[in-house]
Amino acid sequence: MSAAIPVADSVADPAAVPAAAPLLQVRDLHGGYGRVSVLEGVSIEVPERGLVAIVGSNGAGKSTLLRALSGLVRSSSGEIVFGGQSLVGAAPGAIVAQGLLHVAEGRRLFRSQTVRDNLQLGLWGAKLGKADAAARFDRVFTLFPVLHERQGVRAGILSGGQQQMLAVAQALMHAPRLLMLDEPSLGLAPAVIDQLLDAVVQLRTEGTTILLVEQMVERALQIADTAYVLQNGRVIGHGPARELHDSELVRQAYLGAGATRAPSPSTPSTKVSA
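These figures come from a predicted structure and were not determined experimentally.

**Focus: the overall build of the protein chain**
Of the regular secondary structure elements, the protein chain holds ten helices and eleven strands. The burial tally for the protein chain puts 48% of its 274 residues in the buried class. Pairs at least 24 apart in sequence give 67% of the contacts found in the protein chain among residues at least 6 apart. Accessible surface, the protein chain as shown: approximately 13,200 Å² in total, 52% of it carbon and sulfur.

Structure (structure tokens):
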């Protein structure tokens, strides 16, 4: 689906080197809420250690896609393969156990509990010794120093930006193989958004695979490796994020300017060449 990565010149026979399978593969996924269909044949791939953005206007199906991947919305057809294992029909808890963590829109925290208690809850189900658990705390406190400073404060009285940092940190406590972030910048001040997205880039640099849904499309396309453009529940284009930044596809998806009819589920999505 994505552009091929050139094999090093030192390899005598490039054809003999198999491409690594993506960590997450979604093929022809359909689903929605009851009789309301939202996803209309979505196909995406997320490579290991990659940062992939999903962009599109409100109502395009971005959040529904993440909910379907985390088991919160049942798909009606299609495939979801994570780490070589099918997630179709799996319960949310089983999906978390596989290492796919979803930070949902809305900062869903235990607001009457302290910052540290919320982080401790992120370790639920993880069988760790004291040293390993302490290392997880150290990691998130290094990434978000304000959480270390306020670890004894109830989550409900944190600022919106601090709550979003805590929501991300809570997911990181489980050491996800793939971290899905749904609109992390929503409702935050520009300076806080910069902090959060810088942290996202740092996580990718450290090896965490990330699938990002983000309302600030320009920033998302600046930091992502690859991006998919959703419109009306369908992928209308994908390719290198920086090339999509300057393409007509993004303008079409957000404004409808010069838009053509979105392809049917049986029509291959437009691809931006590398």
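**Quick word on the pattern of salt bridges**
Here the idea is simple: oppositely charged side chains can pair when their charged atoms come close. Enumeration according to the criterion identifies four salt bridges in this entry. In this structure, the salt-bridge partner of Glu 79 is Arg 27, at a minimum N-O distance of 2.9 Å. With Glu 79 in strand E4 (residues 75-82) and Arg 27 in strand E1 (residues 24-33), this pair connects stretches of sequence that are 52 residues apart. With relative accessibility at 39%, the residue Glu 79 sits in the partly exposed group. Looking at Arg 27, the relative accessible area reads 35%, which means it is partly exposed. Notably, a salt bridge pairs Arg 219 with Asp 194, separated by 2.6 Å at the nearest N-O pair. Highlighted residues: Arg 219 in helix H8 (residues 217-223) and Asp 194 in helix H7 (residues 190-205), separated in sequence by 25 residues.

**Some details on the packing of aromatic side chains**
Enumeration over the complete set of coordinates arrives at one aromatic pair. Taken together, a centroid distance of 6.0 Å and an interplanar angle of 40 degrees make the contact between Phe 137 and Phe 141 tilted. Of this pair, Phe 137 and Phe 141 are both found in helix H4 (residues 130-143), four residues apart, which corresponds to roughly one turn of the helix. Above the face of the Phe 137 ring, Arg 116 is positioned so that its terminal group lies 4.0 Å from the ring centre. The aromatic ring of Phe 82 is capped on one face by Arg 177, whose charged end is 5.2 Å from the ring centroid.

**Topic: the sheet that holds E1**
The four strands are arranged E2-E1-E4-E5 in an open sheet whose pairing can be described as antiparallel. A strand with exactly one partner marks an edge of an open sheet, and here the two such strands are strand E2 (36-46) and strand E5 (85-86). When E1 meets E4, the two strands line up antiparallel, connected through six bridges. Bridge pairing in E4 links Leu 24 to Phe 82.

**Description of the nonpolar core**
Grouped together as the largest cluster of nonpolar side chains are 52 residues, with contacts concentrated most on Leu 119, Phe 144, Leu 147, Leu 166, Leu 179 and Leu 181. Apart from residues no more than four positions distant in its own chain, Leu 147 is found in contact with Val 115, Phe 141, Gln 162, Met 165, Leu 166 and Ala 169. Formed by 30 residues, the second largest nonpolar core is a distinct cluster that contains Val 26, Ile 44, Leu 87 and Tyr 228.

**A closer look at helix H1 (residues 62-69)**
Of all eight residues that make up H1, seven are buried, and the element is covered over most of its length. Lys 62, Ser 63, Thr 64, Leu 65, Leu 66, Ala 68 and Leu 69 are the residues of H1 that are buried. Phi turns positive one or two residues past the end of H1, at Gly 71, with a value near 85 degrees.

**As for the packing of helix H6 (residues 160-172) against H7**
Where H6 meets H7, the closest approach of the two axes is 10 Å, and the angle between their N-to-C directions is 15 degrees. Compared by their axis directions, H6 and H7 come out roughly parallel. Between H6 and H7 lies a crossing of right-handed hand. Facing H6, whose interface residues are Gly 161, Gln 164, Met 165 and Leu 172, H7 presents Val 192, Gln 195, Leu 196 and Leu 203.

Definitions and limits used
- Residues numbered from 1 in each chain as written.
- Predicted model: local features only at pLDDT ≥ 70, side-chain atom pairs only at ≥ 80, totals over all residues.
- Heavy atoms only, no water.
- Helix = DSSP H or I, 4+ residues; strand = E, 2+ residues; numbered from the N terminus.
- Buried < 20%, exposed > 50% of the residue type's maximum accessible area, 1.4 Å probe, protein only.
- Contact = heavy atoms within 4.5 Å.
- Areas by Shrake-Rupley, 256 points an atom, 1.4 Å probe, with all protein chains shown as cover.
- Salt bridge = Lys/Arg side-chain N within 4 Å of Asp/Glu carboxyl O.
- Phe/Tyr/Trp six-rings, centres within 6.5 Å; stacked < 30°, edge-to-face > 60°.
- Lys NZ or Arg CZ within 6 Å of the ring centre and 35° of its normal.
- Pairing = 2+ DSSP bridges.
- Core = buried A, V, L, I, M, F, W, Y, C linked by side-chain atoms within 4.5 Å.
- Axes fitted to C-alpha atoms, helices over the stretch in contact; angles between N-to-C directions.
- Parallel < 35°, antiparallel > 145°, perpendicular 65-115°, else oblique.
- Left-handed = near helix turned anticlockwise from the far one by under 90°.

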